[in-house]
Amino acid sequence: MRQEKLFDHAILWVGVVFLLFPVWLLFASSTHTTETIIKEGLQFLPGGEGFGAYATALTSSIGGTEIATGLRMTINSLIMGIGFAVGKIVIAMCAAYTLVYFRIPMANFLFWIIFSTLLLPLEVRIVPSYEVVSQLGLLNSYTGLILPLIASATATFYFQQFFKTVPEELLEAAQLDNANAFKFFIDILVPLSKTMMAAMFIIMFVVGWNQYLWPIMMTTEEAYYTIVMGIKNVLSVVREGRIPEYNVAFAMIILAMLPPVAVVILFQRWFIQGLVESEK
Amino acid sequence: MGALKLDNVVKTYANGHQAMKGISLDINEGEFLVLVGPSGCGKSTTLRSIAGLESITSGEIHIADERVDELPPAKRDIAMVFQNYALYPHMTVYNNMAYGLKNRGYSAADIAEKVNAAAKMLELTDYLQRKPGQLSGGQRQRVAMGRAMVRQPKLFLFDEPLSNLDASLRLQMRLEIKRLQRSLGTTSVFVTHDQVEAMTLADRLVIMNKGEIEQVGTPKEVYHKPQTTFVAKFLGSPAMNLLPATLVGKNQLKLDDGQLIAIPDQEDAVQDGQRLYLGLRPENVSLTNEGNGLINFVAKVSEELGATQLLHGEVANTPFSLNLSQFDQHETEHFSLTFDPQQIHLFDYETGERVNA
Ligand SMILES: Nc1ncnc2c1ncn2[C@@H]1O[C@H](COP(=O)(O)OP(=O)(O)O)[C@@H](O)[C@H]1O
Ligand SMILES: [Mg+2]
């Protein structure tokens, strides 16, 4: 019994170490000078440079002009991640609400059309999407970054399944309480979906934050660069014959990981709270 | 002037199932009407049609002087208590009760006054800031009542509101609902499949079967003068005994094993040789030694209820139950039954309709 437990824990620890080790290597190395890293490779122990590389990563722009500092890119990524997640949740909830609660002609057909967009991820439709966005004059804008990615079959599906579990009597009680369709949605369904929204937000924020291909296509102005693009830019100075500042690049990678981690931790708490309160 | 009137209401569901086959009802101001019947007989459909949660296929529904069957639920001036309460889980008790008032544009002060008054009446004052999830079943039930009460509607509708409660709480809430309804004087329609609940609550009972009304009457009327075999079997526990029999002349019945029983003269209601059911309530029959009574009875099993005993057996090869206040175990299983000839029920064998007065 006890031995089994030890064994379980050993496996867990192996997993934890396996996952965290690369992150630790990056962090430890980011506190060394570029020279040390080039000469001696990745470092296992923190070095003497402290958080200097982080300050550089945040305030100066590497591989670009002065606009795309780490801070600016982080803010861009936040706008992208939040806009992406919030937009997807809003659109998906509206679509799911319509599909579940309104008798619309061909509802099933519409659902399958939405669902079939899963077969058409951005990578497949990137050329037409680019064309549309560029003709709308939305290149180099937050709208252009977020809008084309905002429709989500997955989120619609999840919300649809969730709405179907909401007891029908709640709708009927609301009808008797003189709530119209809009009020029922805002006053009843949205609050009930809190945990679902938190879960979706976690997933969608991370997906939005990690977008790489679309922002690269979309942005030529550095003011709209995202941090995921920035990491690559730090390293791409190799092409110009310069030595990349590895410590800064590593610092930037660590920085780029923090917001998604924060979102997961923050929303997970809501998520679990929602489950524990058992509001059903 | 009736408070609620249903005129030949028919409801056919989209799948072609006819759940209401022409229901007509007239309910008086302040009356407590109970719809009772087996599961699936169309009680909920009837109630939901009155509420406007289902559209009706044909017929008319009037509340007070107004025809309402085309109006949306919120415009019908009714309130409904659901079986699972349907409280808004994310709102406090206060907001649950206040929501309908807010949506009708009452001022905050008005709402507070009404909600507090209802909460006081229902002993919920201490729980106003709690959420439904933090309340017991009985308290949730009261909140659902409160939500219905605050609007002071013309009509309360209840759809099996007690069936999610445990037995003792059900008795308590049953009394409480009756007490509230009496003190508020609001016309109410209450749906249940539980005949005891129906009998105890109702001013008048409506017994439904397969989308049709079998009988309407006070609890006493429907119990003592059931108009059909369905009503006779549905009300009372154990159910009324029904013995197939053939009339001999106008004042004798011949059971299927050949026994003859004298009954009061039925005069013109029946014909010689007519096939009938003889109905006898278990509590209206008593036991004597073999040969001394009117019908031969073979005892099989007895059940102790405390105050009384049930004795199950057979008369003329048909199951027959007795409810006796006093019964001691006997050696023999052959007995004889006596009963008051005034307390018999006669139904036509084919139509199931009552034939005696
Ligand atoms: N939405 C519906 N579509 C089709 N048939 C239904 C629907 N709702 C109820 N029914 C049928 O109508 C009949 C009456 O249902 P209901 O009024 O709920 O019965 P009760 O409340 O007396 O148990 C049942 O046979 C049921 O299967
Ligand atoms: Mg029902």
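Along every chain, residues carry numbers that run from 1 in the direction the sequence is written. Throughout, the order in which chains and ligands are written sets their labels, letters from A for the former and numbers from 1 for the latter. Owing to the predicted nature of the model, reporting of local features is limited to residues with pLDDT of at least 70; listing and counting of side-chain atom pairs is limited to 80 or more, with chain, interface and lining totals taken over all residues. Values reported for side chains reflect all heavy atoms of the structure, with hydrogen atoms and water molecules removed beforehand.

> Quick one: what's the story with unusual backbone geometry, residue by residue and with numbers?
Residues S237 of chain B and P238 of chain B are joined by a peptide bond in cis, for which omega reads -5°. Non-glycine residue N178 of chain A carries a positive phi angle of around 65°. Per the convention used, a helix needs a DSSP run of H or I reaching at least four residues, while a strand needs a run of E reaching at least two, with both numbered from the N terminus. Secondary-structure assignment places N178 of chain A in the loop between α9 (168–176) and α10 (181–192). Relative accessible area serves as the criterion here: at 25%, N178 of chain A is assigned to the partly exposed category. One non-glycine residue, A64 of chain B, adopts positive backbone phi at about 50°. Relative to the assigned elements, A64 of chain B resides in the loop between β4 (58–63) and β5 (66–67). Here's how the labels work: a residue is buried when its accessible area is under 20% of the maximum for its type, exposed when over 50%, partly exposed in between, all with a 1.4 Å probe on protein chains only.

> Pulling in residues and values, what's your account of the packing of aromatic side chains?
Whether two aromatic rings pair depends on their centres lying within 6.5 Å, for rings of Phe, Tyr and Trp, where Trp uses its six-membered ring; planes under 30 degrees apart make the pair stacked, over 60 edge-to-face, and the rest tilted. Scanning the entire structure with this criterion turns up 32 aromatic pairs over all chains. Taking 6.1 Å as the distance between ring centres and 45° as the angle between the ring planes, the aromatic pair formed by F27 of chain A and F51 of chain A counts as tilted. Pair noted here: F27 of chain A is in helix α1 (residues 2–30) and F51 of chain A is in the loop between α2 (34–40) and α3 (52–59), with a separation of 24 residues, a long-range link. Assessed through its relative accessible area of 55%, F51 of chain A is described here as exposed. Taking the centre distance of 6.5 Å and the plane angle of 50° together, the rings of F27 of chain A and Y54 of chain A count as tilted. Linking F27 of chain A in helix α1 with Y54 of chain A in helix α3, this pair joins segments that are 27 residues apart in sequence. Residue F27 of chain A is classed as partly exposed on the basis of its relative accessible area, which comes to 24%. Ring pairs connect the aromatic residues Y97, Y101, F102, F159, F162, F163, F184 and F185 of chain A, which therefore count as one cluster. By the criterion adopted, a ring carries a charge over it if an Arg CZ or a Lys NZ lies within 6 Å of its centre and within 35 degrees of its normal. Between R275 of chain B and the ring centre of Y349 of chain B, over which it is positioned, the NZ or CZ distance is 4.7 Å.

> How would you summarise the sheet that holds strand β1 (residues 2–12) of chain B if you had to cite specific residues and measurements?
All names here are of chain B. Pairing within the open sheet is antiparallel, and its four strands lie in the order β2-β1-β4-β5. In this open sheet, the two edge strands, each paired with only one partner strand, are β2 (18–28) and β5. Of the strand pairs in this sheet, β1 and β4 are connected by five bridges, and their pairing is antiparallel. Residue pairing for β4: D7 is matched across the bridge by E60. The pairing criterion is simple: DSSP has to find at least two bridges between the two strands.

> Pulling in residues and values, what's your account of the site of ligand 1?
All names here are of chain B. Here a residue is near a molecule or strand as soon as one of its heavy atoms is found within 4 Å of it. Taken together, Y13, N15, H17, A19, S39, G40, C41, G42, K43, S44 and T45 make up all the residues around ligand 1. N or O atoms closer than or at 3.5 Å make up a polar contact, with two conditions inside protein: a donor-capable atom paired with an acceptor-capable one, and, for residues adjacent in sequence, both atoms drawn from side chains. One of the backbone nitrogen or oxygen atoms of G40 is found 2.6 Å away from an oxygen atom of ligand 1. Between ligand 1 and T45, the relevant distance is 2.4 Å, taken from an oxygen atom to a side-chain nitrogen or oxygen of the residue. Accessible surface is estimated by sampling points in the Shrake-Rupley manner with a 1.4 Å probe; for residues, cover comes only from the protein chains shown. When ligand 1 is considered free in solution it has 560 Å² of accessible area, and contact with the protein chains removes 63% of it. The greatest single-element share of the shell around ligand 1, amounting to three residues, is contributed by helix α1 (residues 43–51). Only Asp, Glu, Lys and Arg are considered charged in this grouping, and only Ala, Val, Leu, Ile, Met, Phe, Trp, Tyr, Cys and Pro are considered nonpolar; every other residue, Gly among them, is considered polar. Across the shell around ligand 1, the residue classes tally to three nonpolar, seven polar and one charged.

> How would you summarise the pairing of strand β11 (residues 241–248) of chain B if you had to cite specific residues and measurements?
Residues and elements named next belong to chain B. For β11, the buried fraction is high: six of the eight residues fall into the buried class. The sheet contact formed by β11 and strand β14 (residues 275–280) spans six bridges and is antiparallel. Across the sheet, residue L242 finds its bridge partner in β14, namely G279. Sheet topology places β11 next to strand β12 (residues 252–255); four bridges connect them, and they run antiparallel. Counted as the bridge partner of T246 is K254 from β12.

> Can you lay out the environment of I188 of chain A for me, pointing to particular residues and giving the numbers?
Relative to the helices and strands, I188 of chain A is located in helix α10. For I188 of chain A, a relative accessible area of 0% puts it in the buried group. I188 of chain A sits 58 residues away from Y246 of chain A along the chain, and the two C-alpha atoms are 52 Å apart. Between two residues, a contact is recorded if the distance between any of their heavy atoms is within 4.5 Å. Residues contacting I188 of chain A, with those up to four places away along its chain left out, are L170 and K183 of chain A together with Y88, H90, M91 and Y99 of chain B.

> Report on the confidence of the model for chain A, specifying residues and quantitative values.
Regions with low pLDDT carry predicted coordinates that are not meant to be interpreted in detail. What pLDDT conveys is the predictor's confidence in a given residue, as a value from 0 to 100. Of the residues in chain A, 95% reach a pLDDT of 70 or more, and the chain-wide mean stands at 87. Highest mean pLDDT in chain A belongs to α10 of chain A (95); lowest belongs to helix α13 (residues 227–235) of chain A (82).

> Run through the interface of chain B and chain A, naming residues and quoting values.
In many reports, interface size means the accessible area that the parts give up when they come together. Facing 23 residues of chain B, the contacting portion of chain A comprises 19 residues. Buried surface at the junction of chain B and chain A, summed over both partners, amounts to about 1,900 Å²; 58% is from carbon and sulfur atoms. A pairing counts as a salt bridge when a side-chain nitrogen of Lys or Arg comes within 4 Å of a carboxyl oxygen of Asp or Glu. Between D177 of chain A and R151 of chain B there is a salt bridge; the shortest N-O distance is 3.5 Å. The interface formed by chain B and chain A includes 13 residue pairs in polar contact (both at pLDDT 80 or more). Secondary-structure elements contributing two or more residues to the side of chain B that touches chain A are α1, β6 (78–81) and α2 (93–102) of chain B. Each residue belonging to the side of chain B that touches chain A can be placed in one class, and the counts come to 13 nonpolar, four polar and six charged. Buried area is calculated as the accessible area (1.4 Å probe) missing from two parts once they are joined, with the contributions of both summed.

> I'd love a proper account of the side chain of T34 of chain A, names of residues and values included.
All names here are of chain A. Positionally, T34 belongs in helix α2. For T34, a relative accessible area of 11% corresponds to the buried category. Reaching out from T34, the side chain makes a polar contact with the side chain of N247 at a distance of 3.2 Å. The residues touching T34, leaving out its near neighbours within four places in the chain, are I243, P244, E245, Y246 and N247.

> Talk me through the packing of helix α4 (residues 70–101) of chain A against helix α8 (residues 153–165) of chain A; I want residue IDs and the actual numbers.
Residue and element names in this part refer to chain A. Contact geometry of α4 with α8 gives a least axis separation of 8 Å together with a crossing angle of 45°. Regarding the angle of α4 to α8, the classification is oblique. α8 is crossed by α4, and the crossing has right-handed handedness. Taking contact as the criterion, the partners of I89, A92, M93, A95, A96, Y97, L99, V100 and Y101 in α4 are, on α8, A155, T156, F159, Q160, F163 and K164. For the contact of α4 with α8, the per-class residue count stands at 12 nonpolar, two polar and one charged. In this description, a line fitted to the C-alpha atoms serves as the axis of each element, helices being fitted only across the stretch in contact, and the angle between N-to-C directions of two axes falls anywhere from 0 to 180 degrees. Here the word oblique covers every angle except those under 35 degrees (roughly parallel), over 145 (roughly antiparallel) and from 65 to 115 (roughly perpendicular). Each crossing gets its hand from how the near helix is turned against the far one by less than a right angle, where anticlockwise is left-handed and clockwise is right-handed.

> Residue-level account of the sheet that holds strand β13 (residues 260–262) of chain B, with values.
All names here are of chain B. In spatial order, the strands read β13-β12-β11-β14-β20; together these five strands make up an open sheet with antiparallel pairing. Every interior strand has two partners, whereas the edge strands, β13 and β20 (345–348), have only one. Averaged over all neighbouring strand pairs, the angle between strand axes comes to 40°, with direction disregarded. Pairing analysis gives three bridges linking β12 to β13, with the strands arranged antiparallel. Each residue of the ladder has a partner; that of Q252, found in β13, is A262.

> An account of the domain arrangement of chain B is requested, with residue identities and associated values reported.
All names here are of chain B. Source of the domain bounds: an automatic or database domain assignment. Examined at the domain level, chain B breaks down into domain 1 (4–233) and domain 2 (240–348). One C-alpha centre belongs to domain 1, the other to domain 2, and the line joining them spans 39 Å. Contact residues are listed per partner, giving eight residues for domain 1 and seven residues for domain 2. In total, domain 1 and domain 2 occlude about 640 Å² of area from one another, counting both sides; carbon and sulfur atoms represent 60% of this.

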